[in-house]
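As a plain string of letters, each chain reads:
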Amino acid sequence: DDTGVHIVRVGFMAEALALHLGHSREWAAQLRKAAPMHDVGKIGIPDAVLRKPGPQDAAEWDTMRRHPEIGAEIIGEHPSGVLQLAREIALAHHEKWDGSGYPRGLAGEAIPLSARIVAIADVFDALTTRRPYKEPWPVQDALDHIAAQAGKHFDPALVALFAPLLPQLLEIRARWAE
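Residues numbered from 1 in each chain as written. Predicted model: local features only at pLDDT ≥ 70, side-chain atom pairs only at ≥ 80, totals over all residues. Heavy atoms only, no water.

Novice: Would you mind going over helix 10 (residues 166-175) with me for this structure?
Specialist: Think of an α-helix as 3.6 residues a turn; residues three or four steps apart then line up on the same face. Those residues of helix 10 lying buried are L169, I172 and R173. Looking down the long axis of helix 10, one finds its buried residues gathered within 100 degrees of arc, a one-sided arrangement. Exposed and oriented more than 90 degrees from the buried face of helix 10 are P167 and A174. (Buried < 20%, exposed > 50% of the residue type's maximum accessible area, 1.4 Å probe, protein only. Helix = DSSP H or I, 4+ residues; strand = E, 2+ residues; numbered from the N terminus. Arc of directions from axis to C-beta.)

Novice: Would you mind going over the nonpolar core with me for this structure?
Specialist: Most often, soluble globular proteins have nonpolar side chains that are buried together. Ranked by size, the top nonpolar core spans 35 residues in total, and within it L31, I117, I120, F124, I146 and F162 carry the most contacts. Secondary-structure elements contributing two or more residues to this core are helix 1 (2-21), helix 2 (25-34), helix 6 (81-92), helix 7 (113-127), helix 8 (139-148), helix 9 (156-162) and helix 10. Looking at which element gives the most residues to this core, the answer is helix 7, with eight residues. What F162 contacts, discounting residues up to four positions off in sequence, is L17, I120, F124, L143, I146 and L169. (Core = buried A, V, L, I, M, F, W, Y, C linked by side-chain atoms within 4.5 Å. Contact = heavy atoms within 4.5 Å.)

Novice: I tried to follow the pattern of salt bridges on my own but got confused; where do I start?
Specialist: Close approach of charged atoms allows side chains with opposite charge to pair. Scanning the entire structure with this criterion turns up nine salt bridges. With a closest N to O distance of 2.7 Å, E60 and K52 form a salt bridge. Using a relative accessible area of 17% as the deciding quantity, one classes E60 as buried. Salt-bridge contacts for R175 lead to E171; the nearest nitrogen and oxygen are separated by 3.6 Å. Taken as a pair, R175 and E171 lie in helix 10 at a separation of four residues, close to a single helical turn. Under the relative-accessibility criterion, E171 is labelled partly exposed at 49%. Among the ionic contacts, a cluster of salt bridges with common partners joins R9, D125 and R173. (Salt bridge = Lys/Arg side-chain N within 4 Å of Asp/Glu carboxyl O.)

Novice: Explanation requested: empty space enclosed by the protein in the structure shown.
Specialist: A water-sized probe rolled over the atoms picks out the places where empty space is left. Applying the stated criterion to the full structure yields one cavity of 30 Å³ or more. Its boundaries defined by the atoms lining it, the largest cavity holds a volume of some 50 Å³. In terms of lining, the largest cavity is formed by E95, W97, I111, R116, A119, H153, F154 and D155. For the lining of the largest cavity, the class distribution of residues is four nonpolar, one polar and three charged. (1 Å grid on protein atoms, 1.4 Å probe; cavity = no way out; pocket = protein on both sides within 12 Å on 5 of 7 lines; lining within 4 Å. Points joined across faces, edges and corners; volume = space filled by probe spheres on them. Nonpolar A, V, L, I, M, F, W, Y, C, P; charged D, E, K, R; others polar.)

Novice: What exactly am I supposed to notice about the environment of I45 here?
Specialist: As for its placement among the helices and strands, I45 is situated in the loop between helix 2 and helix 3 (47-50). For I45, a relative accessible area of 4% translates into the label buried. Here the alpha-carbon distance between I45 and A148, two residues 103 residues apart in the chain, equals 30 Å. In this view, I45 contacts L50, T63, M64, H67 and I70; residues no more than four positions away in its chain are not counted.

Structure follows, in structure tokens:
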């Protein structure tokens, strides 16, 4: 249940950020539909790793780091614009602005914009909700963390646009509460 509403919230948050960035309603709507597939590759990860209530060891972390490529493989090559965007997001949503992410170590604008947007929405929602391994963070702490990661994990231009969306983000969270 928590994953189901998480992916819906991520889609709506990504759409809000895309619109705030000035993208068309059509592209933002495609992003909203594609974003929920960002973690589809986790179906290829054993439940013992996914649901572990504590830190993952090195082998478990290596297994978990495979989910972007598994997701891209599951979605495959497709003529649908939404599925093309979903594949792009699934493959790149764990890349980091400074190049320290995975699976390909992309940096900066080499990371597709769709994945850079979804990464911020995904982390914000994950931090502010309960998970098997952690309690939810206060919203301000999550925003502070995202701001501190500008230029490292996240695209700094997108981070600057994210915090002003807080009223919309909270509305999305309330509408799609767990």
